[in-house]
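Fold and geometry: a report
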Amino acid sequence: FLGAGGGNDIQWCFSQVKGAVDDDVAEADIISTVEFNHSGELLATGDKGGRVVIFQQEQENKTQSHSRGEYNVYSTFQSHEPEFDYLKSLEIEEKINKIRWLPQKNAAQFLLSTNDKTIKLWKISERDKRPEGYNLKEEDGRYRDPTTVTTLRVPVFRPMDLMVEASPRRIFANAHTYHINSISINSDYETYLSADDLRINLWHLEITDRSFNIVDIKPANMEELTEVITAAEFHPNSCNTFVYSSSKGTIRLCDMRASALCDRHSKLFEEPEDPSNRSFFSEIISSISDVKFSHSGRYMMTRDYLSVKIWDLNMENRPVETYQVHEYLRSKLCSLYENDCIFDKFECCWNGSDRQVFLLYIIVMTGSYNNFFRMFDRNTKRDITLEASRENNKPRTVLKPRKVCASGKRKKDEISVDSLDFNKKILHTAWHPKENIIAVATTNNLYIFQDKMN
Amino acid sequence: QDMQEKETITPERAEEAKLKAKYPNLGQKPGGSDFLMKRLQKGQKYFDSGDYNMAKAKMKNKQLPSAGPDKNLVTGDHIPTPQDLPQRKSSLVTSKLAG
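All values reported here derive from a predicted model rather than from experimental measurement.

**Focus on the overall build of chain B**
- Secondary structure assignment for chain B yields three helices and zero strands.
- Counting helices and strands in the order they occur from the N terminus, chain B gives α-α-α.
- In chain B, which comprises 99 residues, the proportion classed as buried is 20%.
- Here the contacts in chain B between residues at least 6 apart in sequence split such that 47% fall between residues at least 24 apart.
- With an accessible surface of roughly 7600 Å², chain B has 54% of that area assigned to carbon and sulfur atoms.

**Notes on helix α1 (residues 11–22) of chain B**
- In this model α1 of chain B runs 17 Å from its N-terminal to its C-terminal C-alpha over twelve residues, within 8% of the 16 Å that 1.5 Å per residue would give.
- Looking at α1 of chain B, one finds that the buried residues are E12, E15, E16 and L19 of chain B. The buried residues of α1 of chain B all sit within an arc of 105 degrees when viewed along its axis, so they share a single face.
- Check the buried side of α1 of chain B and you find it contacts α1 (282–286) and α2 (333–338) of chain A.

**Quick look at the sheet that holds strand β2 (residues 31–36) of chain A**
Residues and elements named next belong to chain A.
- Spatially, the four strands line up as an open sheet ordered β2-β3-β4-β5, and their pairing is antiparallel. Across the chains shown, the open sheet's two edge strands, defined by having one partner strand only, are β2 and β5 (71–78). In this sheet, adjacent strand axes meet at a mean angle of 20 degrees when their direction is disregarded.
- For strand β3 (residues 42–47) and strand β4 (residues 51–57), the ladder comprises five bridges, and the chain directions are antiparallel.

**A short note on the environment of M315 of chain A**
Residues and elements named next belong to chain A.
- Relative to the helices and strands, M315 is located in the loop between β22 (307–312) and β23 (321–324).
- Sequence separation between M315 and E270 is 45 residues; the distance between their C-alpha atoms is 9.8 Å.
- Filtering out sequence-adjacent residues up to four positions away, M315 remains in contact with F269 and V320.

**Details of the layout of surface pockets**
All names here are of chain A.
- In this structure, the second largest pocket spans a volume of roughly 950 Å³.
- Around the second largest pocket, the lining comprises 35 residues; the ones closest to its centre are E35, H38, R100, E233 and H295.
- Elements supplying a minimum of two residues to the lining of the second largest pocket: β2, β8 (98–101), β12 (182–185), β16 (229–234), β20 (290–293), β24 (348–350) and β30 (428–431).
- The dominant element in the lining of the second largest pocket, judged by the number of residues it contributes, is β2, at four residues.
- In terms of residue class, the lining of the second largest pocket is made up of 15 nonpolar, 13 polar and seven charged.

**So, the packing of aromatic side chains**
Residues and elements named next belong to chain A.
- In the structure shown here, the tally under the stated rule is 22 aromatic pairs over all chains.
- Residues F172 and W203 carry aromatic rings whose centres are separated by 5.2 Å and whose planes lie at 70 degrees to one another, so their mutual orientation is edge-to-face. Taken as a pair, F172 in strand β11 (residues 156–172) and W203 in strand β14 (residues 199–204) lie far apart in primary sequence, 31 residues in all.
- Here a set of aromatic residues connected by ring pairs shows up, and it is made of F14, F373, Y447 and F449.
- One cation-aromatic arrangement involves K137 over Y134; the distance from NZ or CZ to the ring centre is 5.0 Å.
- For R378, the ring lying beneath its charged end belongs to Y299, and the centroid distance is 4.3 Å.

**Re the nonpolar core**
- Residues Y305, L329, L336, Y337 and I342 of chain A are the most contacted members of the largest nonpolar core, which totals 23 residues.
- Breaking this core down by element, the ones donating at least two residues are α1 and α2 of chain A.
- At four residues, α2 of chain A tops the list of elements feeding residues into this core.
- In contact with Y337 of chain A, other than residues within four places in its own chain, are F280, F281, I284, I342 and F343 of chain A together with L19, L26 and F35 of chain B.

**Considering the interface of chain B and chain A**
- The interface is formed by 36 residues belonging to chain B together with 62 residues belonging to chain A.
- Summed over both partners, the interface of chain B with chain A buries about 4000 Å², with 58% contributed by carbon and sulfur atoms.
- Counting across the interface, chain B meets chain A through three salt bridges.
- Salt-bridge contacts for K96 of chain B lead to D29 of chain A; the nearest nitrogen and oxygen are separated by 3.1 Å.
- Linking chain B with chain A are 13 residue pairs in polar contact (both at pLDDT 80 or more).
- When contributions to the side of chain B that touches chain A are tallied by element, the ones reaching two or more residues are α1 and α2 (34–40) of chain B.
- Per-element tally for the side of chain B that touches chain A: the top contributor is α1 of chain B, with eight residues.

**Describing the confidence of the model for chain B**
Residue and element names in this part refer to chain B.
- Here chain B averages 68 in pLDDT, and 46% of its residues register 70 or above.
- Predicted confidence in chain B is weakest over helix α3 (residues 49–58), with a mean pLDDT of 74, and strongest over α1, with 91.
- The low-confidence segment residues 1–6 (pLDDT under 50) makes zero contacts with residues lying over four places distant or belonging to another chain.

**A few points about the side chain of H326 of chain A**
All names here are of chain A.
- Its place among the elements puts H326 in the loop between β23 and α2.
- A polar contact of 2.9 Å, which involves the side chain of H326, links it to the backbone oxygen of Y305.
- Side-chain polar atoms of H326 contact the side chain of S368, separated by 2.7 Å.
- With residues near it in sequence (within four places) discarded, H326 still touches R303, Y305, L306, F346, S368 and Y369.

**Comments concerning the confidence of the model for chain A**
- Of all residues in chain A, 95% have pLDDT values of 70 or greater, and the mean over the chain is 92.
- Overall, residues 1–5 of chain A carries pLDDT values under 50, and its contacts beyond four positions in sequence, including any with other chains, amount to 15 contacts.

**Points about the pairing of β3 of chain A**
All names here are of chain A.
- For β3, the tally of buried residues reaches six of six residues, placing the bulk of the element in the interior.
- Across five bridges, the pairing between β2 and β3 is antiparallel. In the sheet register, T33 faces β3, and the bridge partner there is G46.
- Connecting β2 to the next strand, β3, in antiparallel fashion are five residues, including G40 with a positive phi near 85 degrees.
- The loop that links β3 with its antiparallel partner β4 comprises three residues; one of these, G50, has a positive phi angle of about 80 degrees.

**Observations regarding the sheet that holds β20 of chain A**
Residues and elements named next belong to chain A.
- Read across the sheet, four strands follow the order β20-β21-β22-β23 without closing on themselves; strand pairing throughout is antiparallel. The sheet terminates laterally at β20 and β23, the two strands that pair on one side only. Adjacent strand axes in the sheet meet at a mean angle of 15 degrees when their direction is disregarded.
- Here four bridges tie β20 to strand β21 (residues 299–303), and the two strands are oriented antiparallel to one another. Bridge pairing links D290 to R303 in β21.

Reading the values: rules and limits
- Every chain's residues receive numbers from 1 upward, in the order its sequence appears when written.
- Chains carry letters from A onward and ligands carry numbers from 1 onward, assigned in written order.
- Totals for whole chains, interfaces and linings use every residue, but because this is a predicted model, local features are given only for residues with pLDDT of at least 70 and side-chain atom pairs only at 80 or more, for both listing and counting.
- The basis for every side-chain value is the complete set of heavy atoms in the structure, and neither hydrogens nor water enter the calculation.
- A run of H or I in DSSP counts as a helix once it spans at least four residues, and a run of E counts as a strand once it spans at least two, with each numbered from the N terminus.
- Burial classification: accessible surface area is computed with a 1.4 Å probe over protein chains only, and a residue below 20% of its type maximum counts as buried, one above 50% as exposed, and the rest as partly exposed.
- Every residue pair with non-hydrogen atoms within 4.5 Å of one another is taken to be in contact.
- Every accessible area reported is derived by Shrake-Rupley at a probe size of 1.4 Å, with residue values counting cover from the shown protein chains alone.
- Multiplying 1.5 Å by the residue count of a helix minus one yields the expected span of that helix.
- Of all possible arcs, the one meant is that of the directions from the helix axis to the C-beta atoms.
- Here, strands pair whenever DSSP counts at least two bridges between them.
- Structural elements are reduced to axes, namely lines fitted to C-alpha atoms, with helices fitted over the stretch in contact, and the angle between N-to-C directions of any two is expressed from 0 to 180 degrees.
- Computed over the protein atoms alone on a 1 Å grid, cavities are sets of points where a 1.4 Å probe fits but cannot get out and pockets are open sets with protein on both sides within 12 Å along at least five of seven lines; a residue lines them when it has an atom within 4 Å of a point.
- Grid points are joined across faces, edges and corners, and a volume is the space filled by probe spheres set on the points.
- Any residue that is not Ala, Val, Leu, Ile, Met, Phe, Trp, Tyr, Cys, Pro, Asp, Glu, Lys or Arg is counted as polar, Gly included; the first ten are nonpolar and the last four charged.
- Think of it this way: a Phe, Tyr or Trp ring, Trp meaning its six-membered ring, pairs with another when their centres are within 6.5 Å, and the plane angle makes it stacked under 30 degrees, edge-to-face over 60, tilted otherwise.
- Charge-over-ring contacts are defined here by two conditions on Lys NZ or Arg CZ: a distance within 6 Å of the ring centre and an angle within 35 degrees of the ring normal.
- Put simply, a nonpolar core is a bunch of buried Ala, Val, Leu, Ile, Met, Phe, Trp, Tyr and Cys residues held in one set by side-chain atoms that sit within 4.5 Å of each other.
- Two parts lose some accessible area (1.4 Å probe) when they are put together, and adding that loss for both gives the buried area.
- We count a salt bridge whenever a side-chain nitrogen from Lys or Arg sits within 4 Å of a carboxyl oxygen from Asp or Glu.
- Two N or O atoms form a polar contact when they lie within 3.5 Å of each other; inside protein one atom must be a possible hydrogen donor and the other a possible acceptor, and for residues adjacent in sequence the pair counts only when both atoms belong to side chains.
- As a per-residue measure, pLDDT reflects the predictor's confidence and takes values from 0 up to 100.

Right, here's the structure in full:
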């Protein structure tokens, strides 16, 4: 199914959709993060209500060779609750900003989930047997009168229905004055970073009462504040290297070996701006909402309001590629500013690592409005726009590409810019680490698409 | 500048002109960027009886302090009154994704 043309010969088909059908969306149901684990067997979502839902892929059915296993609910739990900062009389939202999985080391699965202020390490474990035949307890848990016990028996484990339990193993709190936007697990699998608007902290997964501040961009005088941190990520292979992006469209690469406080970057990635093009909106739309390293670690991708940029770590002065996500919005910036959409934070992701490693194809994906999402093939430079909609509900039906008509005569099947629904945003997407399976979150629904298998 | 040449305005600049026509005072505040300050102070501010009573004591006339036009702005004088309080959130249920 690869085709000579590269990744964009992939034919995407609807597989599943999760969530309520009704249009009346409760705030709590707004999906705020989506993440596959390292094997792709598990898919986690977080929402504004502080809840995590984990889906597990069914084992492949040998008789159903036309599709891969479906994702079914595996576990769901309340990760964060609303809290109150008494000193400032401010509510701390329970919304899950990010989920990151740890690589699996034993039978249990571990993930980090974070809201604005507190990061939690969750252990998800399975229980499929339970002890029976206690001497001092009845089966229903009531205690037996010891004087009635005349013989002793050895309790045995008997199978039971699978139970999946989530328990918080570590709570990493009180280290962030500002709002956490990113967490990233180091390739050493022992430490991780958490980033807020002005600071980045380094933690050890075992230690909750201490963290090291590694970046601090808070100015002595807050009146001088010009830039905030928008995202941060560890390099996939170099445990001493991380990057952070800013609201001014810059990315700084830091080396923790250089000094304890990485306020001075090792590299600064910035595309020079054409001063004649500068407008009131320039800085706002240049703000980077997401940064992701490629699986090899040679490249990184950034998402700003209108585009996706690919950077070569060896070249700081400009990106190697720029892909326009929805350039037609440039002439709508005034109304997008008025309805706050200009501040929407879109994420981006790379396709699975195997296909990148074998240089088969490299594709990047990101969301847009009207429940559209976009993919760009780095090799062929082709792009595609698809829609996450319940209207394309039949499994194995190939999704039809969409086209937005920027101006002038609208062709049949095209959608005009003015008809786009700006309340239908796809901010979060994820790509299975090995297969061509993608998870796309609309406001309150999770769509799973797969490539068509022959 | 050659005034005889028709100046092409980029779409971005045209949008900027539209915005400035609607909001003439935009972008004229001194100090750090408005967006950044707003971003740092995101979060629902609630009624703080301590702040409220301190502010009341400060007032020369007996007018009650109110939150002001921007309810999210957190400074000493912008204090929500009980009337400005939003509804508390309803209790939590299982996610519909799991249903």
